[in-house]
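# Residue-level structure breakdown
One-letter residues, chain by chain:
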Amino acid sequence: MTRYVQRGPAFLAAAFASLLLVIGVSAFAVWRSARNTQERVTSLHDAHMRADDALDEIRSNVFLVGILTRDYLLDQDAVQIGQYGGQFEIIRNDTEKAFQTLSRAAQDDAQTAALSRLRNEFGAYSDATEEILNWTPDEKRSRGAEALRQRHRRRQEI
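Read on for a plain summary of the structure. None of the values given here were measured: they were computed from a predicted structure. (Residues numbered from 1 in each chain as written. Predicted model: local features only at pLDDT ≥ 70, side-chain atom pairs only at ≥ 80, totals over all residues. Heavy atoms only, no water.)

### A closer look at helix 3 (residues 109-132)
The α-helix winds at 3.6 residues per turn, so residues separated by three or four positions along the chain end up facing the same way. The first and last C-alpha atoms of helix 3 sit 35 Å apart over 24 residues, in line with the 34 Å expected at 1.5 Å per residue. Where helix 3 is concerned, the buried positions are L115, L118, F122, Y125, S126, T129 and I132. Of the residues that open helix 3, the one with a side-chain oxygen 3.3 Å from the backbone nitrogen of A110 is D108. (Helix = DSSP H or I, 4+ residues; strand = E, 2+ residues; numbered from the N terminus. Expected span 1.5 Å × (residues − 1). Buried < 20%, exposed > 50% of the residue type's maximum accessible area, 1.4 Å probe, protein only. Polar contact = N/O pair within 3.5 Å; in protein donor to acceptor, adjacent residues only side chain to side chain.)

### A closer look at the packing of helix 2 (residues 81-105) against helix 3
With their axes 11 Å apart at the nearest point, helix 2 and helix 3 run at an angle of 175° to one another. Looking at the two axes, helix 2 sits roughly antiparallel to helix 3. Between helix 2 and helix 3, the contacting residues are F88, E89, R92, T95, E96, F99, Q100, L102, S103 and A105 on the first element and Q111, L115, L118, R119, F122, S126, D127, T129 and E130 on the second. Residue classes in the contact of helix 2 with helix 3 are distributed as seven nonpolar, six polar and six charged. (Axes fitted to C-alpha atoms, helices over the stretch in contact; angles between N-to-C directions. Parallel < 35°, antiparallel > 145°, perpendicular 65-115°, else oblique. Contact = heavy atoms within 4.5 Å. Nonpolar A, V, L, I, M, F, W, Y, C, P; charged D, E, K, R; others polar.)

### Quick word on the environment of N93
Considering the arrangement of structural elements, one finds N93 in helix 2. Judged by relative accessible area, N93 falls into the partly exposed class, the value being 43%. Sequence separation between N93 and R149 is 56 residues, and the spatial gap between their C-alpha atoms is 25 Å.

### Topic: helix 2
The end-to-end C-alpha distance of helix 2 is 37 Å, a good match for the 36 Å that 25 residues give at a rise of 1.5 Å each. Regarding helix 2, the residues found buried are Y84, F88, I91, R92, T95, A98, F99, T101 and L102.

Encoded structure:
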């Protein structure tokens, strides 16, 4: 019996140490899992923010193209006509970068299809602008007002 009594405290100490070890390993596993989850959530949040910024860039550029078209049609100074083409190319390049960002962020087929539709709509809108930027002064005077009305409707659709 003495031998059993002496082993009791040693056994209890070993059991307690084992319990602490299990609790420690479990706490580490929970901490690790929480950290991984937090990193995934942060990654998703960052991707969402990049996609949101890209959509804002596209929306902004649609309006900039409309303003650029209006300004071109109203501008009577032949010297400044060349600047509109350069500004248009900058806007178009910025928009393409935004579309590339959105392409990387697309998560499923529905988002990819919506992005493709948006890209096509913007392409048609910007192609029409490119055509308008090549109009002669006579074409600007005769067709400008109607073009602006159509552009407004088209911009709302996009």
